[in-house]
Amino acid sequence: MVFVKIPPTILVFDTGLGGLTVLREVVRARDDARHLYVADDAFFPYGPRGEEEVIARLVPLMGELIAAHHPDLVVIACNTASTLVMPHLRECYSVPFVGTVPAIKPACAASKTKRVSVLGTKGTVAREYTKALIRDFARGCEVTLVGSAELATLAETALRGGVVSDEAILAELEPCFVGAGEDIAKRTDTIVLACTHYPLLLDRLNQLAPWPVNWIDPAPAIARRVMNLLPETRGKADEAGAHMIFTSGRPHRLSEALMPFFGGRMPA
Ligand code: DGL
């Protein structure tokens, strides 16, 4: 039996703004909750960092966040972190955690051509956890791992209103499209968005894709998991239910642009 406050507090964590794509679904699923979004922008990006470095950063930081905000549930809306730190977090803290890991299982189950690509940060595609998902769930698919050094930063730039060229996006995207010279029935037909930043660029990804593919975004599945773990409460959280923290403490002027992710609320 889980006892939660009314309204419950859901803490959604990412290294930057990518986790907003997960928050958006969580808010849709649980608009009765208080939503606290934490971006560890002081340490962004996690993608190129060493595994020990990520663990040493996130585990104590999460302890401080839990002590300060008493969440009823924490969503780690970051593949780069989740593929590494979930066992450490669960060992240290009793609050329920939901992680975000590459959706390789549903992607391989859905692929007709049996060619699937996983687009993530360099860290995520290098993880043993990701390789184990392929071993366990590829179901005869050829899975291509594509580690992108730039795409998360490009997504942040675009969300902040900056200019991001087609060439810059395409350079990161192109290795996902395997079988260009082959029969259409053999080309990659499914791409796992294994970094929560990438759905921010979904319209551009669709425009620039050399051929149409099915993009797999794990956010709706994560929201369903949150629903299962957190007992429903009655009522709807008011404006005070949307908060955002940047670990850098830098002032930001993004609140209005971020409102759609918070279900139309202005995050305080
Ligand atoms: N949003 C993070 C993810 O899902 C990655 C961004 C970063 O490199 O910090 O992997």
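(A) Region of the structure containing the sheet that holds strand 9 (residues 242-246). Read from one edge to the other, the open sheet built from five strands follows the order 4-3-1-2-9, with strand pairing classed as parallel. At either end of the open sheet lies a strand with only one pairing partner, and these are strand 4 (97-98) and strand 9. By the bridge criterion, two bridges tie strand 3 (residues 73-76) to strand 4 in an arrangement that is parallel. Bridge pairing links Val74 to Phe97 in strand 4.

(B) Representation of helix 8 (residues 166-173) in the model. Looking at helix 8, one finds that the buried residues are Ile169, Glu172 and Leu173. What you see down the axis of helix 8 is that its buried residues fit within an arc of 100°, all on one side. Against the buried residues of helix 8 lie strand 5 (115-121), strand 6 (142-148), helix 7 (151-159), helix 9 (202-208) and strand 8 (214-216).

(C) Representation of the site of the ligand in the model. The full set close to the ligand counts 14 residues, and Thr15, Tyr46, Gly47, Thr80 and His197 are the nearest of them. Within the contact set of the ligand, a nitrogen atom lies 3.1 Å away from a side-chain nitrogen or oxygen of Asp14. Between an oxygen atom of the ligand and a main-chain N or O atom of Tyr46, the distance comes to 2.7 Å. Of the residues that constitute the shell around the ligand, the class distribution is six nonpolar, seven polar and one charged.

(D) Up close: the packing of aromatic side chains. With the rule as written, the count across this model stands at three aromatic pairs. With centroids separated by 6.4 Å and ring planes inclined at 70°, the aromatic side chains of Phe177 and Trp215 adopt a geometry described as edge-to-face. Taken as a pair, Phe177 in the loop between helix 8 and strand 7 (190-194) and Trp215 in strand 8 lie far apart in primary sequence, 38 residues in all. For the pair Phe177 and Trp215, a shared accessibility class is recorded, and that class is buried. Here a set of aromatic residues connected by ring pairs shows up, and it is made of Phe177, Trp211 and Trp215. Directly above the ring of Phe43 sits Arg49, whose terminal nitrogen or CZ lies 3.6 Å from the centroid.

(E) Representation of unusual backbone geometry within the structure. Following Phe44, the chain continues into Pro45 via a peptide bond in cis, with omega recorded as -5°. Relative to the assigned elements, Pro45 resides in the loop between strand 2 (34-39) and helix 2 (51-69). One non-glycine residue with positive phi stands out, namely His70, at about 45°. Mapping His70 onto the fold places it in the loop between helix 2 and strand 3. Of note in the backbone geometry, Lys114 takes a positive phi value of approximately 65° without being a glycine.

(F) Focus on the sheet that holds strand 6. The strand order across the open sheet formed by four strands is 6-5-7-8, and the pairing between neighbours is parallel. Looking at which strands have only one partner, the edges of the open sheet turn out to be strand 6 and strand 8. In this sheet, neighbouring strand axes are inclined to one another by 20° on average, regardless of whether the strands run parallel or antiparallel. In the sheet, strand 5 pairs with strand 6 via seven bridges, with the strands oriented parallel. Of the residues in strand 6, the one forming a bridge with Leu119 is Val146.

(G) The packing of helix 1 (residues 20-29) against helix 10 (residues 219-229), seen in detail. For the pair helix 1 and helix 10, the least separation of the axes is 8 Å and the interaxial angle reads 45°. The orientation of helix 1 relative to helix 10 falls into the category oblique. Here the hand of the crossing between helix 1 and helix 10 comes out right-handed. Of helix 10, the residues touching helix 1 (which contributes Thr21, Val22, Glu25, Val26 and Ala29) are Ala219, Pro220, Ile222, Ala223, Val226 and Met227. The residue inventory of the contact of helix 1 with helix 10, partitioned by class, reads nine nonpolar, one polar and one charged.

(H) Quick look at the pattern of salt bridges. One pass over the structure, following the stated rule, counts 11 salt bridges. Ionic pairing is found between Arg127 and Glu51, a salt bridge with its closest N-O pair at 3.2 Å. Of this pair, Arg127 sits in the loop between helix 5 (122-126) and helix 6 (128-137) while Glu51 sits in helix 2, and the two are 76 residues apart along the sequence. A salt bridge links Arg160 to Glu156; the nearest nitrogen and oxygen atoms lie 3.4 Å apart. Since its relative accessible area comes to 45%, Arg160 is described here as partly exposed. Members of the salt-bridge network, linked through shared partners, are Arg115, Glu142 and Glu182.

What counts, and at which threshold
- Residues numbered from 1 in each chain as written.
- Predicted model: local features only at pLDDT ≥ 70, side-chain atom pairs only at ≥ 80, totals over all residues.
- Heavy atoms only, no water.
- Pairing = 2+ DSSP bridges.
- Helix = DSSP H or I, 4+ residues; strand = E, 2+ residues; numbered from the N terminus.
- Buried < 20%, exposed > 50% of the residue type's maximum accessible area, 1.4 Å probe, protein only.
- Arc of directions from axis to C-beta.
- Contact = heavy atoms within 4.5 Å.
- Near = heavy atom within 4 Å.
- Polar contact = N/O pair within 3.5 Å; in protein donor to acceptor, adjacent residues only side chain to side chain.
- Nonpolar A, V, L, I, M, F, W, Y, C, P; charged D, E, K, R; others polar.
- Phe/Tyr/Trp six-rings, centres within 6.5 Å; stacked < 30°, edge-to-face > 60°.
- Lys NZ or Arg CZ within 6 Å of the ring centre and 35° of its normal.
- Axes fitted to C-alpha atoms, helices over the stretch in contact; angles between N-to-C directions.
- Parallel < 35°, antiparallel > 145°, perpendicular 65-115°, else oblique.
- Left-handed = near helix turned anticlockwise from the far one by under 90°.
- Salt bridge = Lys/Arg side-chain N within 4 Å of Asp/Glu carboxyl O.

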